[in-house]
Each structure stands twice: as structure tokens, then as C-alpha cells.
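Observations on the three-dimensional arrangement
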Amino acid sequence: MGAQAHVSKGKYKTVIGAIGDREKFITLPWEAFAGVEKSVPILKPFKLVSREFKSEDSVIKVGSVNIGGNHFTVMAGPCAVETDQQIISTAKLIKKEGASILRGGAFKPRTSPYSFQGLGVPGLKMLAAAREETGLPIVTEVMDSRDVEVVAEFADIMQIGARNMQNFLLLKEIGLQKKPILLKRGFSNTVEELLMAAEYIVSSGNPNVILCERGIRTFETFTRNTLDLSAIPSVHSLSHLPIVVDPSHATGKSELIESLSLAALAAGADGILVEVHPKPDEAWCDGPQSIDFNRFAHLMRQLKSLVSSLGKELG
Ligand code: PEP
Ligand code: MN
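What you see is a predicted model; the values in this text were computed from it and never measured.

1. With respect to the overall build of the protein chain
Broken down by element type, the protein chain carries ten helices and 13 strands. For the protein chain, the C-alpha radius of gyration of 20 Å lies close to 20 Å, the compact-globule estimate for 315 residues. Viewed in the frame of its principal axes, the protein chain has a C-alpha envelope of about 65 × 45 × 45 Å. Residues classed as buried in the protein chain amount to 53% of the 315 residues present. In the protein chain, the share of contacts with a sequence separation of at least 24, taken over all contacts with a separation of at least 6, comes to 67%. Positive and negative side-chain charges in the protein chain, numbering 35 and 35 respectively, have mean positions lying 2 Å apart.

See the structure below:
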């Protein structure tokens, strides 16, 4: 009937999403067909990512790491990759403390054109060396359609930053990839807009999307952004996709990271993405919001005890 079919095989049932002209479908007696239990019209502007489409939580797998469901996954590392030594020492430390994914930007979206723009491909290679050394999968940002191929070659998870959340051509492009995508909420975007951006990726063929709440702009200037904790249960009620919280960009202040990470976990977040640097005072980018190794170790101890008291497990 000219519809696009998206098949999702769950543990207990198979859901076939038919995207097309509603008027054409509505007249057919779907439930009369053998093998059809139920037909559900989804009128929301996002469909494949909605809870109506899939009631179970999606669990995104990256190697042996799980994101979503009953897992709490810690992704940590510097804002930007700077040197081999910086990224490898950070990777080793976060692994030792129980984090499961290494973050680090090689292509950096900077507000000023005069700020450090990231090392580019050499930075990707440093990340790959840190993965080699520690076994940690890596998440790194892709800013431009022209870089998708090279970033996909190195990254285990490709990040779409807040500023690109509504770069629809880029979303369609990465939707053609198989690698999981970490999609950050734009700082002036609603939860529904975030889900529509995710729908662009999933409808282009890539179902492996992890959402990220990283703070939104409000009148408050004491913090860099305002962490919207309510986005976590809101996303969980509207969508089956996992959502992690970035307390670093949400606050801009290293001393606030621990409280908000714990709050995110308590509110049901599926993980955190946190900036860690061996020497935050010397960081090339986002030092004031980066925590050092001692603070990270303390944060992990706190998280672990809350993770187990909530009956969850580290991802
Ligand atoms: C980042 O994670 O490095 C980053 C630039 O974040 P955001 O896109 O949320 O500002
Ligand atoms: Mn940063």
C-alpha cells in the first residue's frame, strides 16, 4: 500500500510499524488478518521511537556494554582529546573506577571561532589507541555530514551535539549508519522536538539511539544551563529509548556534578556522560566543569551504592 515497514522483534512480540498515509490504512480490518493481534494508530509526530510502537525499554548494546533497561552506564572522559598521555591516563582511571565508555571530542563545536576546535582525525586515532589499551568503547562527536564516514571508522558511538540536534540532513545521514548514536538535546529544544530528531535517525534505518539531557537555557545564569530532570521520566513515558544525563554541560561547574549525577540516577536516567580531566585547571576546553580523578572516584563510589539500592546494575 506504499507504506514503509519497520520491523521490531521483541522478546514476546513482533511489531511492524507501517509509516504512510493514515487514511489508506484506517479502512482495513487489520485485526481480521491471521497473525495480527492488534493494530494501533499512532498519531504523534514521532512514531518509531514512541512507547506505543514498542512498550519494552530499548537496550542499546555496544560490545559488552548495555545502555537502557535495568542498567546504569557511565560514560566519562575529557571534553576534548588533547594528547596521548591525557586520554590514556583518563581512560585507565575511569575504567578502574567502573565506567564503561570513554568520551572525548576530536571535532569540537566551539562558540567562538578562535577557541580550540579539536584535533580532528589525529584525535580520533588517540581515542582508538586508548580503546586498544583499555578495551573501553569510545563515544565522540560528529559535527558534519562530510565527517560521518571517518568518525564511523573510529567511534563505537557517534555523538550528535546539542547544536546539531535539528540538523536534519546530518540526522538522516547518520541514520544510514549502523553504529549507535548519542543524540543530545538542543539547549532550546523541547522533549518532543528531541524525540522527533531521534525519529529522523530511526526512520532512516538506525534504531540504536541513546538520548541525552544536557541542560537547557533558562533565565538562570549561575549555572551554564539548567538541568531538566523532568525530561528523564517524560522521555521514559513517551519513548522506549534510553536517556542519559550530562551533568557537566548542564551545570558548567565541577562542584555540582556529583549531586546532579545522583539526582539523575534517582530520577531514572539510564546513565551519565561526564567530563573528567587529569588536570582540569589545564584543560584546553571546559576545565571549570571537568572533575579530576579523585572527584571521579568519589562520584563512582556514591553512584555504585545508589545503583545497587535501586536494584539496578552498572551497564
Ligand atoms: C560535548 O559533549 O562535548 C558537547 C559539546 O556537548 P553539547 O553538544 O551538549 O554542548
Ligand atoms: Mn565539553
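Don't stop here, the text continues.
2. Let's talk about the pattern of salt bridges
The full count for this structure, using the stated rule, is eleven salt bridges. The salt bridge partner of Arg224 is Asp286, with a shortest N-O separation of 3.2 Å. Of the two residues, Arg224 sits in the loop between strand S10 (209-213) and helix H7 (231-238) while Asp286 sits in the loop between strand S12 (271-275) and helix H10 (293-309), which places them 62 residues apart along the sequence. A residue is classified by how much of its surface remains accessible, and Arg224, at 39% relative accessible area, is partly exposed. With a relative accessible area of 17%, Asp286 lands in the buried category. One salt-bridge network, held together by shared partners, links Arg185, Glu213 and Asp228.

3. Comments concerning the packing of helix H9 (residues 257-266) against H10
Contact geometry of H9 with H10 gives a least axis separation of 10 Å together with a crossing angle of 20°. With respect to H10, the axis of H9 lies roughly parallel. The way H9 lies across H10 gives a crossing that is right-handed. Of the residues in H10, those touching H9 at Ile257, Glu258, Ser261, Leu262, Leu265 and Ala266 are His298, Leu299, Gln302, Leu303, Leu306 and Val307. Taken together, the residues that form the contact of H9 with H10 break down as eight nonpolar, three polar and one charged.

4. Digging into the pairing of strand S5 (residues 71-77)
For S5, the tally of buried residues reaches seven of seven residues, placing the bulk of the element in the interior. Covered by surrounding structure in S5 are His71, Thr73, Met75 and Gly77 together with Phe72, Val74 and Ala76, the residues of both alternating faces. The sheet contact formed by S5 and strand S13 (residues 313-314) spans two bridges and is parallel. By the bridge assignment, Phe72 is partnered in S13 with Leu314. Pairing of S5 with S12 involves five bridges; the strand directions are parallel. For Ala76, the partnering residue across the bridge sits in S12 and is Val274. Where S5 meets strand S6 (residues 101-103), two bridges bridge the pair, whose relative direction is parallel.

5. Comments concerning the coordination of the manganese ion (ligand 2)
Within the protein, the atoms that donate to the manganese ion (ligand 2) are Cys79 (SG), His249 (NE2), Glu275 (OE) and Asp286 (OD), at distances of 2.0 to 2.4 Å. Mapped onto the polypeptide sequence, the residues donating to the manganese ion (ligand 2) form the spacing pattern C-x169-H-x25-E-x10-D. With His249 in helix H8 (residues 247-251) and Asp286 in the loop between S12 and H10, the pair connects residues that are 37 residues apart, well separated along the chain. The burial state of His249 is the same as that of Asp286; both residues are buried.

6. Structural notes on H10
Look at H10: 25 Å from first C-alpha to last across 17 residues, which is about the 24 Å you get at 1.5 Å a residue. All of the buried residues in H10 are Phe296, Ala297, Leu299, Met300, Leu303 and Val307. The buried residues of H10 all sit within an arc of 160° when viewed along its axis, so they share a single face. Exposed side of H10, more than 90 degrees from the buried face: Asn294, Arg301 and Ser309 are the residues found there. Buried residues along H10 sit in contact with S5, helix H2 (84-97), H9, S12 and S13. For H10, the N-terminal capping position is held by Asp292, with its side-chain oxygen 3.3 Å away from the main-chain nitrogen of Asn294. A positive phi of about 75° marks Gly311, the residue just after H10.

7. Overview of H7
When we look at burial in H7, the residues that qualify are Ala231, Ile232, Val235 and His236. Down the axis of H7, the buried side of the element spans an arc of 130°, and every buried residue falls inside it. On its buried face, H7 is in contact with helix H6 (191-203), S10, strand S11 (243-245) and H9.

8. As for the layout of surface pockets
To find leftover empty space, one rolls a probe the size of a water molecule over the atoms. Reported here for the largest pocket is a volume of approximately 1100 Å³. Surrounding the largest pocket, 31 residues form its lining, Ile16, Ala18, Lys38, Ser39 and Val40 being those nearest its centre. Per-element accounting of the lining of the largest pocket gives the leading share, six residues, to strand S2 (residues 14-19). Classifying every residue of the lining of the largest pocket gives 16 nonpolar, seven polar and eight charged. Considering the residues around the second largest pocket, the lining is formed by 18 residues, among which Ser8, Lys54, Ser58, Pro207 and His240 are closest to the centre.

Cut-offs used in this document
Residues numbered from 1 in each chain as written. Chains lettered and ligands numbered in written order. Predicted model: local features only at pLDDT ≥ 70, side-chain atom pairs only at ≥ 80, totals over all residues. Heavy atoms only, no water. Helix = DSSP H or I, 4+ residues; strand = E, 2+ residues; numbered from the N terminus. Rg over C-alpha atoms; globule rule 2.2 N^0.38 Å. Buried < 20%, exposed > 50% of the residue type's maximum accessible area, 1.4 Å probe, protein only. Contact = heavy atoms within 4.5 Å. Lys, Arg positive; Asp, Glu negative; His and termini not counted. Charge placed at Lys NZ, Arg CZ, Asp CG, Glu CD. Salt bridge = Lys/Arg side-chain N within 4 Å of Asp/Glu carboxyl O. Axes fitted to C-alpha atoms, helices over the stretch in contact; angles between N-to-C directions. Parallel < 35°, antiparallel > 145°, perpendicular 65-115°, else oblique. Left-handed = near helix turned anticlockwise from the far one by under 90°. Nonpolar A, V, L, I, M, F, W, Y, C, P; charged D, E, K, R; others polar. Pairing = 2+ DSSP bridges. Donors = N, O, S within 2.8 Å, 3.2 Å for Na, K, Ca; no water. Expected span 1.5 Å × (residues − 1). Arc of directions from axis to C-beta. Polar contact = N/O pair within 3.5 Å; in protein donor to acceptor, adjacent residues only side chain to side chain. 1 Å grid on protein atoms, 1.4 Å probe; cavity = no way out; pocket = protein on both sides within 12 Å on 5 of 7 lines; lining within 4 Å. Points joined across faces, edges and corners; volume = space filled by probe spheres on them.

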